[in-house]
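# Summary of structural features
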Amino acid sequence: MPLHQPTLMEPVLSISNNNSNSNGNDNDNDNVNSDYDVIGWFEDVSQKAGSVQTQLLCQILKQNYGVEYLKKWLGNYNILEMDACALESLYTSVVPLSSHVDFEPFIQRIADGDTSPLITQQPITTLSLSSGTTEGRQKFVPFTRHSAQTTLQIFTLAAAYRSRVYPIREGGRILEFIYSSNRFKTKGGLTVGTATTHYYASEEFKIKQHKTKSFTCSPEDVISGGDYKQSTYCHLILGLFFSDQVEFITSAFVYSMVQAFRSFEELWREICNDIRDGTLSSRIKSTKMRRAVLDIISPNPNFASKLEAACKELEEVDWFGLIPKLWPNAKYLYSIMTGSMQPYLKKLRHYANGLPLVSADYGSTESWIGFNVDPSLPPEDGTFAVVPTFSYFEFIPLHRHKQDFSSVADDFMEDKPIPLSQIKVGQEYEIVLTTFTGLYRYRLGDVVEVAGFHNGTPKLNFVCRRKLILTVNIDKNTEKDLQFVVEKGSQLLNKAKTELVDFTSYADVTNQPGHYVIYWEIKGEVEDKVLDECCREMDISFADQGYVVSRKTNSIGPLELCIVERGTFKKILDNFIANGAALSQFKTPRCTNNHDLLKILNTCTTKKFLSTAYSSNQQ
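Nothing here was measured: the structure is a model prediction, and the numbers come from that model.

Calculation criteria
Residue numbering note: each chain is counted from 1, following its sequence as written. With pLDDT at 70 or above as the cut-off, local features in this predicted model cover only qualifying residues; side-chain atom pairs require 80 or more to be listed or tallied, and sums for whole chains, interfaces and linings still use all residues. Hydrogens and water molecules were not included; the side-chain quantities draw on all heavy atoms of the structure. Helix and strand assignments follow DSSP, with helices taken as H or I runs no shorter than four residues and strands as E runs no shorter than two, numbered in order from the N terminus. A simple rule labels every residue: compare its accessible area, found with a 1.4 Å probe on the protein chains alone, to the largest value its type can have, and call it buried under 20%, exposed over 50%, or partly exposed in between. Nitrogen and oxygen atoms within 3.5 Å of one another constitute a polar contact, given that in protein one can donate a hydrogen and the other can accept it, and given that sequence-neighbouring residues count only through two side-chain atoms. A contact between two residues is defined here by any heavy atoms of the two lying within 4.5 Å. Two strands form a pair only when DSSP identifies at least two bridges running between them. Confidence scores labelled pLDDT are given residue by residue by the predictor and lie between 0 and 100.

## A few points about the side chain of Thr498
- Position of Thr498 among the secondary structure elements: in the loop between helix H17 (479–495) and strand S19 (499–508).
- For Thr498, a relative accessible area of 5% corresponds to the buried category.
- A polar atom in the side chain of Thr498 sits 3.1 Å from the backbone oxygen of Glu525.
- Setting aside its immediate chain neighbours within four residues, Thr498 contacts Leu493, Ile522, Lys523, Gly524, Glu525 and Val526.

## Some remarks on the pairing of S19
- With respect to burial, S19 is a largely interior element, 9 of its 10 residues being buried.
- Bridge count between S19 and strand S20 (residues 515–523): 9 bridges; the pairing is antiparallel. Residue pairing across strands places Ser505 opposite Ile518, the latter belonging to S20.
- Two successive antiparallel strands, S19 and S20, enclose a turn made up of 6 residues.

## Here's the deal with helix H19 (residues 545–552)
- Buried residues of H19: Gly546, Tyr547, Val548, Ser550 and Arg551, and no others.
- In this fold, the buried residues of H19 make contact with S20 and helix H18 (528–541).
- Asn554 sits one or two residues past H19 and shows a positive phi near 65°.

## Side note on the confidence of the model for the chain
- On average, residues of the chain carry a pLDDT of 82, and 87% of them reach 70 or more.
- Confidence, read as mean pLDDT per element, is least for helix H1 (residues 5–9) in the chain (35) and greatest for helix H15 (residues 322–326) (95).
- Considering only residues more than four positions removed or in separate chains, one finds that residues 1–33, a stretch of pLDDT under 50, has 47 contacts.
- Overall, residues 403–409 carries pLDDT values under 50, and its contacts beyond four positions in sequence, including any with other chains, amount to 8 contacts.

What follows is the structure, encoded as structure tokens:
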């Protein structure tokens, strides 16, 4: 059956419009049909994912025919007359792979007010800021109405599949720890902000709540307050005000959720007082935020007393089971829990006491990629079914070096990119994007593994960011390797009833031989001999052959463990936010060369330990 254009790019939600009243008031049956239609749409599209991708690329290229970026390679071809298969073949053979640096001059011209068709025929009026936590600096990324629409689509898709496993009540509430950052204008008058900030301010965010019939506890003035500490306090008090109505709890990254509950441990008495009196703490300085919260809450002495008693009980058990105790009707916790977020799962499970953790969807500032089609799986096993209508996806096959590691300049060998229809289960790939927002054959830098297929579309397992590696010599350790090593070392803390709060690392080559430095923030008291053993355990847990050989020959020095004072990683967060990032997109960098971060870490270091592993090999 041939594809027709409306099915290909029709927004997911519009499929349910046939079942909706013209005034937008859906009845209960319509909501069921809406979920069914969204699922039916994806089941159909995923069956023919390969041909959908070919048609999608054709649409992107014909829609952007004549833009300056593509003229160099496609300017001599009449692509408007070409069929989709021929155009796909031509495009992937003549247009080179790219990275953000290739688009920076064009995006800067757009930011400065150039309205000619540089990368898209559609005018770009908004730019997104990438988080900057990965590469140490924020990047401008084009953001269009299509970006907001695909965000609405993926949230609606994911909600429909989740509701089959974890049904929720219509009209319920969502406790969302979400945060906007300030937006500003470029020289050319374009609005700049994080992708999440744009989305929370968009019409699509309001539509999502009405279509899924679940409403956030916090009003817009709390979400867009601009100060994450004030917003977190308000999210917590409003979440408790609506506690019986909360169906699930969510945040963009699991870090934000854990950070909020850590804050609650310190703030609960103040929150109880505010609930008792219907007041709001003086720590909330924002007039808009104060007004928005005080318009909702009212004095409730009875609930405040119950809450106070519950918190005293929770304090006795180190806040184990905090979430089901305070939000008894919550069905699950929902957030991005893969990659650098995995170290926070242990703490979240402590708060959750068996409440399901559901890994949220997979995307980047540049494009959404896939959603969690198997929400019943634990986050560590979560996979993401690629939505083939979001962008045109290519995959660079990656092969890990096994033998001649001494000549390795990179962590992987790579083959030529292949289309989605040719990828294989068990193989690792780097994702390449061609988007409706003007990025062409753009290397995302994410390493994924194909875990299986949902009909004809792949289910991806996020592995790590590429080239975010610890390396001194011939050693190559990825973020995933580091996380494994830290997990091994921190297991020794459990016996001492001490908790690892957060960590990062640094390859120190200022002196020879260079060595790895791992920074830990811990909660609780632990003897130095235990930390000594943690340090040694991490050193011997790096399995990379280049590292092991280098340690044995002393061409890499002993691993150094630095213990930083409590609150150090909050200072790192504050540093990022001060430089324009939003809490909702913050990720603690697992490996850093950022001078500002290293200055904070080194200033806050209270103890240092050097590994004694391999000492018998070193003279």
